[in-house]
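Observations on the model geometry
Here's the letter readout for the chains.
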Amino acid sequence: MLPTNHVMDLIPGYALDCLNEEEKQQVAEHLSQCSSCQKELDSYQRIVDQLHEAVPPAEPPPELKHKILLGVQLKRTPEKADEAKPAWQRFWTRLQSGAPVWAYASFALVVILAASNIWMMQRVNRLETTSQAEFRVVSLTGTDKAPNSTGLLVMGHDGNMGTLVVDSLPTLDETQQYQLWLIKDGQRTSGGVFSVSKDGYGALAISAPQPLKEFAAFGITIEPAGGSPGPTGDKVMGGKL
Amino acid sequence: MDYKKFDDETLIRLIAGSQSDALGELYDRYSRLVFGMARNALGDQGLAEEITQDVFMRIWNKASTYQAVQGKVVSWIAGIARNRAIDVFRHQKSLLDGNSLSLEELPLFDPPDSLNVEKEIESKLKERRVQQALFQLPKEQRDALALAYFRGYTHEEAAEALGQPLGTVKTRIRLGMQKLREILEDEKTSA
């Protein structure tokens, strides 16, 4: 059965997010059962997504960039230092920051009674901290086949995904591509194929069958377009974890 | 490494991998948009700086949540900037409760013939198509759209700010959006 209360007149406002709460709810409920209104919304959303092109640009003060990048660096350091501590130490630090006297006595009692449990918790937290290690970055350098090339392999949070970016690699003809190899115990697993622009830069979203940080090294070779089951061509770049 | 050569999506992936230089490059590309959005919405340099800082910190923290299927990186960034500017504007408005805005303080879309526009090269012409479309609308429709877009005004709030009946403002926003869609989608299909 077709929905009877089409909300066409409200859809532009919904895309712009200028409806009141009642109207928003009315539209949301209708959209869940009306694909034609959803298509209307999609078309208006595309318009809203372009309005930024008409924003009057303005130059921020020059020091703002430095503030932001400094903030990024400062934000990373305390968290990573804190994460590295065992759980009991983080708890003790928080307790020292303002707990009343009686809490110390209670804490001492808990420690005595639960000594074996805390020991087990530390072992588990050490494993968790290892798996939450900071992002890894591997620098790749060119071989004599591509001496000016540079590259970075950045591993993502979960370890299985990462990004490869390269610069100044020679362009290849259309019958060839570069292929990334993930190397472990002498075995090479393909990390994907990519081409480079006329300026020699390229990027590849890597998806690996196991966490990237479990591989010992990475290499890039020239292969037939589409890739090969194993390396056959010249090695152009390499790097070790 | 020259980050200038990488496209926006690659920069976002690098940022998700904690590469601060990639964030620096993204800042170079889009800080004028973010700062411009914030200053246009708030009319205050200091608040615009805070919002810009906040937006890029959010990009740093949320880069891994960006998905290309949802749209371009620039649209994602503009969305973060717009939402943040609206939040700050609403907070400021609540602090100044009772003071209404005069028409001189309305946020404005950038006109296509403004001095901000550089030489008429093909890429700039393409960027200005949205501006050109907006400036084909009657001023009343454009003003209403600007209030909704930059400050997150509802129909009711826009009507109060403009001193116009609610029904009139609703119609202006609806017709303005319809006209924009007509112009921009037509351009796309005829390109």
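Since the structure is predicted, the reported quantities are computational estimates derived from the model, not experimental observations.

Comments concerning the overall build of chain B
Helix and strand counts for chain B stand at eight helices and zero strands. Helices and strands in chain B line up, N terminus first, as α-α-α-α-α-α-α-α. Residues counted as buried form 43% of the 191 residues belonging to chain B. Within chain B, counting contacts between residues at least 6 apart in sequence, those at least 24 apart form 60% of the total.

What to know about the nonpolar core
The biggest cluster of nonpolar side chains holds 101 residues, and the ones touching the most others in it are Ile15, Ala38, Ile59, Ala85 and Ala148 of chain B. In this structure Ile15 of chain B touches Ala22, Leu23, Leu26, Ile59, Trp60 and Ala63 of chain B, once residues within four positions along its chain are discounted.

Structural notes on the pairing of strand 1 (residues 137-142) of chain A
Residue and element names in this part refer to chain A. Here strand 1 shows one buried face, formed by Val138, Leu140 and Gly142, and one open face, formed by Val137, Ser139 and Thr141. As judged from the five bridges shared by strand 1 and strand 2 (residues 150-155), these two strands associate in the antiparallel manner. Residue pairing in the sheet places Ser139 in a bridge with Leu152 of strand 2.

A word on the confidence of the model for chain A
Residue and element names in this part refer to chain A. Across chain A, pLDDT averages 80, with 71% of residues at or above 70. Taken element by element, the predicted model of chain A shows its lowest mean pLDDT in helix 7 (residues 115-131) (48) and its highest in helix 1 (residues 11-16) (96). The model gives residues 124-133 a pLDDT under 50, and that stretch makes six contacts with residues more than four places away or in other chains.

Re the packing of helix 6 (residues 139-151) of chain B against helix 7 (residues 155-162) of chain B
Residues and elements named next belong to chain B. Where helix 6 contacts helix 7, the axes come no closer than 10 Å and their chain directions differ by 125°. As the angle between them shows, helix 6 and helix 7 are arranged oblique. Of the two possible hands of crossing, helix 6 and helix 7 adopt the one that is right-handed. Of the residues in helix 7, those in contact with Asp143, Ala144, Leu147 and Ala148 of helix 6 are Ala158, Ala161 and Leu162.

A few points about helix 7 of chain B
Taken together, the buried positions of helix 7 of chain B are occupied by His155, Ala158, Ala159 and Ala161 of chain B. An end-on view of helix 7 of chain B places all buried positions within 165° of arc, on one side of the element.

What about the packing of helix 2 (residues 20-42) of chain B against helix 4 (residues 73-95) of chain B?
All names here are of chain B. Where helix 2 contacts helix 4, the axes come no closer than 9 Å and their chain directions differ by 25°. Considering the angle they form, helix 2 stands roughly parallel to helix 4. In terms of crossing hand, the pair formed by helix 2 and helix 4 is right-handed. The segment helix 2 lies against helix 4, with Tyr30, Leu33, Val34, Met37, Ala38, Ala41 and Leu42 engaging Val74, Ile77, Ala78, Ala81, Arg82, Ala85, Val88, Phe89 and Gln92. The residue inventory of the contact of helix 2 with helix 4, partitioned by class, reads 14 nonpolar, one polar and one charged.

Looking at the interface of chain A and chain B
With 47 residues of chain A at the contact, the number on the chain B side is 58 residues. Breaking the side of chain A that touches chain B down by element, the ones donating at least two residues are helix 1, helix 3 (35-48), helix 4 (63-84), strand 2, strand 3 (161-167) and strand 6 (202-207) of chain A. The greatest single-element share of the side of chain A that touches chain B, amounting to eight residues, is contributed by helix 4 of chain A.

Here's the deal with the sheet that holds strand 1 of chain A
Residue and element names in this part refer to chain A. The strand order across the open sheet formed by eight strands is 5-4-7-8-1-2-3-6, and the pairing between neighbours is antiparallel. Strands with a single pairing partner mark the edges of an open sheet, and in this sheet they are strand 5 (187-194) and strand 6. Direction aside, the axes of adjacent strands within the sheet are offset by 25° on average. Inspection of the sheet shows strand 4 (residues 176-184) paired to strand 5 by seven bridges, in the antiparallel sense.

Rules used in this analysis
- Counting of residues starts from 1 at the beginning of each chain's written sequence and follows it residue by residue.
- By the order in which they are written, chains take letters starting at A while ligands take numbers starting at 1.
- Two thresholds apply to this predicted model, a pLDDT of at least 70 for residue-level local features and 80 or more for giving and counting side-chain atom pairs, whereas whole-chain, interface and lining totals are computed over all residues.
- A helix here means a DSSP run of H or I that spans at least four residues, while a strand means a run of E at least two residues long, and both kinds are numbered starting from the N terminus.
- Counting other C-beta atoms within 10 Å of a residue's C-beta gives its exposure: the residue is buried at 20 or more, exposed at 12 or fewer, and partly exposed in between, where C-beta atoms are placed from the backbone.
- C-beta atoms are first placed from the backbone for all residues, and any pair lying within 7 Å is then listed as a contact.
- As used throughout, a nonpolar core is a set of buried Ala, Val, Leu, Ile, Met, Phe, Trp, Tyr and Cys residues joined through C-beta atoms within 7 Å of each other.
- For two strands to count as paired, DSSP must find a minimum of two bridges between them.
- Values of pLDDT, which run from 0 to 100, indicate the predictor's confidence residue by residue.
- To obtain an axis, a line is fitted to C-alpha atoms, over the contacting stretch when the element is a helix, and the angle between two such axes runs from 0 to 180 degrees between their N-to-C directions.
- Oblique is the label for any angle not covered by the other classes, which are roughly parallel (under 35 degrees), roughly antiparallel (over 145) and roughly perpendicular (65 to 115).
- Left-handed describes a crossing whose near helix is turned anticlockwise from the far helix through less than a right angle; right-handed describes the clockwise counterpart.
- Taken from the helix axis, the directions to the C-beta atoms give the arc we talk about.
- Lys, Arg, Asp and Glu make up the charged group, whereas Ala, Val, Leu, Ile, Met, Phe, Trp, Tyr, Cys and Pro make up the nonpolar group; the residues left over, Gly among them, are polar.

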